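Chain by chain, the residues run as shown.
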Amino acid sequence: MSALLSFIGWSFLPSLATSSLLSFWYRLITRAGDPRPQPGTPTYAKAYRRVNFLVITLYLLYTIYESYNTILLQPNFYKLLSAGMRANDRELKGKFRRLTVMYHPDKVGTQGEAYFVMLKTAYDTLLDPVKRVAYDRFGPDILEWRHCSSTYDYLIRGVTMMVPYYLGSALVLVILSVLGKMEFGRYWRFYTFFSMMVLEALVVTRPFHHFTRIPILNTLLPFEQLALARKILFTTFIAISQLAPLFQQGRVITGPLTAEALDPHLDRMATLLHRTDAEASTMLTQELLPFDADPGMQQMLKKKLEEWMIESTIRGTPEVRDAVGKVIQRRRTDAPASAKGTK
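Residues numbered from 1 in each chain as written. Predicted model: local features only at pLDDT ≥ 70, side-chain atom pairs only at ≥ 80, totals over all residues. Heavy atoms only, no water.

### Digging into the nonpolar core
Counting 34 residues, the largest nonpolar core has L81, L126, Y135 and I142 as its most contacted members. Looking at this core, the element that brings in the most residues is helix α10 (residues 222-249), giving five residues. Each residue touching Y135, except ones within four places of it in the same chain, is listed here: N76, F77, Y78, T125, L126, P140, I142, L221 and F223. In terms of nonpolar packing, the next biggest core, distinct from the first, is built from five residues, Y68, I71, L220 and L228 among them. (Core = buried A, V, L, I, M, F, W, Y, C linked by side-chain atoms within 4.5 Å. Buried < 20%, exposed > 50% of the residue type's maximum accessible area, 1.4 Å probe, protein only. Helix = DSSP H or I, 4+ residues; strand = E, 2+ residues; numbered from the N terminus. Contact = heavy atoms within 4.5 Å.)

### Re the UniProt feature "transmembrane region" (unreviewed entry) in the protein chain
Within this numbering scheme, the UniProt entry marks residues 6-26, 47-65, 154-178 and 190-208 as carrying the feature "transmembrane region" (unreviewed entry). From the first C-alpha to the last, residues 47-65 spans 27 Å; its make-up is 100% helix and 0% strand. Span residues 154-178 is 100% helix and 0% strand, its end C-alpha atoms 37 Å apart. (UniProt positions renumbered as here; feature names shortened; annotations may be inferred.)

### Some words on the side chain of R137
Mapping R137 onto the fold places it in helix α7 (residues 129-138). For R137, the side chain forms a polar contact with the main-chain oxygen of V204, separated by 3.5 Å. (Polar contact = N/O pair within 3.5 Å; in protein donor to acceptor, adjacent residues only side chain to side chain.)

### With respect to α7
Each full turn of the α-helix corresponds to 3.6 residues, which orients residues three or four apart in the same direction. Within α7, burial applies to R132, A134, Y135, D136, R137 and F138. The residue sitting at the N-terminus of α7 and contributing the capping side-chain oxygen is D128; that oxygen lies 3.0 Å from the backbone nitrogen of V130.

### A short note on the pattern of salt bridges
Tallied over the full model, the rule gives two salt bridges. Residues K120 and D124 are paired through a salt bridge, measuring 2.8 Å at the closest nitrogen-oxygen approach. Of this pair, K120 and D124 are both found in helix α6 (residues 113-127), four residues apart, which corresponds to roughly one turn of the helix. Residues R230 and E200 are paired through a salt bridge, measuring 2.5 Å at the closest nitrogen-oxygen approach. Residue R230 is found in helix α10, and its partner E200 is found in helix α9 (residues 186-205); the two are separated by 30 residues along the sequence. Overall, the relative accessible area of 1% leaves E200 in the buried class. (Salt bridge = Lys/Arg side-chain N within 4 Å of Asp/Glu carboxyl O.)

### Side note on the packing of aromatic side chains
A complete count under the given rule lists 12 aromatic pairs for this structure. Centre to centre, the rings of Y78 and Y135 are 6.5 Å apart; their planes meet at 45°, and the pair counts as tilted. One end of the pair, Y78, is in helix α3 (residues 77-80); the other, Y135, is in helix α7, and 57 residues separate them in sequence. In this structure, Y78 and Y135 share a single accessibility class: buried. Within the aromatic cluster, the residues linked to one another by ring pairs are F77, Y78, Y135 and F223. A cation over a ring is seen here: R230 above Y165, with NZ or CZ 5.6 Å from the ring centre. (Phe/Tyr/Trp six-rings, centres within 6.5 Å; stacked < 30°, edge-to-face > 60°. Lys NZ or Arg CZ within 6 Å of the ring centre and 35° of its normal.)

### Remarks on the packing of helix α4 (residues 89-103) against α6
Running from N to C, α4 and α6 cross one another at 170°; their axes reach a closest spacing of 11 Å. In this view, α4 runs roughly antiparallel relative to α6, as classed from their interaxial angle. Here α4 contributes D89, L92, K93, F96, L99, T100 and Y103 to the contact with α6, which in turn contributes Y115, F116, L119, K120, Y123, L126 and L127. Classifying every residue of the contact of α4 with α6 by side-chain character gives 10 nonpolar, one polar and three charged. (Axes fitted to C-alpha atoms, helices over the stretch in contact; angles between N-to-C directions. Parallel < 35°, antiparallel > 145°, perpendicular 65-115°, else oblique. Nonpolar A, V, L, I, M, F, W, Y, C, P; charged D, E, K, R; others polar.)

### As for a nonpolar patch on the surface
A surface patch of nonpolar side chains, amounting to about 440 Å² of accessible area, comprises V101, M102, Y103, Y115 and M118. Broken down by secondary-structure element, the contributors of at least two residues to the nonpolar patch are α4 and α6. Among the elements that make up the nonpolar patch, the one with the highest residue count is α4 (three residues). Its location among the elements puts Y115 in helix α6. (Patch = residues over 30% accessible without salt bridge, like charges linked within 9 Å, V, L, I, M, F, W, Y side chains within 5 Å. Areas by Shrake-Rupley, 256 points an atom, 1.4 Å probe, with all protein chains shown as cover.)

### Side note on the environment of F190
Tracing the chain through its elements places F190 in helix α9. Between the C-alpha atom of F190 and that of A170, which follows or precedes it by 20 residues, the distance is 8.3 Å. Excluding residues that lie within four positions of it along the chain, F190 makes contacts with L173, V174 and S177.

Dropping the structure here:
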């Protein structure tokens, strides 16, 4: 669900934010009466690419921070016991004994039973060396893994849980590449994906104190770091897909244009013209909707439109324009300098 919501957000938020920022910026810098750059013009397209690149980059950084903060705030067994990630058995027993006195159901009532059960589960898991190693690497899912009694059993079960995820992701990447999707950054996308596989293999097979030395990640357990890495990988792939059109639009065509190269552009232009015509017809229908029930008003509007079209046609005729220009010039010549219409 979280991945789906993230994908939905990436689908429209960057473009919406870019359009809003550009609209605000042009209102801010454009003087009253001056025309603003309109969508479709080269000036607007250039500004849109720059702002969109900035928005996508900032949104990527925000999603990474938000993912890190969410994982950091989620309780784990160590946080429930108020113990450090390297606490020994003696420290765990002392923390659990103190919390038992504070939150035992005999003291806080039946409303504290669920929390006390969580404390007892966390204590039993971390006090067992085998379960503690498995929990550090695979998270609370190990509580549902039956028939696992050794570190090797938990490791094999964890790896088998990881294999479908990576096989499915690799299959999706291959299919999209075969279909010609996500061509931009394809090499780096595959390289990052396989790097993630190697990282996860190292994390789940190495001792706890060896898997990272990055200060900002020292507060996260191994399974929490892997969840953060997957989130970063997913959002980065989407961000690259969003950035690809910006770089492709900025490319300069150096070779001659062929019919095959022009066909996709002509198809897009035809589609755009069709949509524009449909939107114009819809707007005209909505404008005339208040007069739909008044035949007399419709007749008057029809007559006015005919008169306007005739006048526009006559005024657009070169002979008429020349005659009107000569009359105006004659009036300006014969009239006094201070008379109206001479300037």
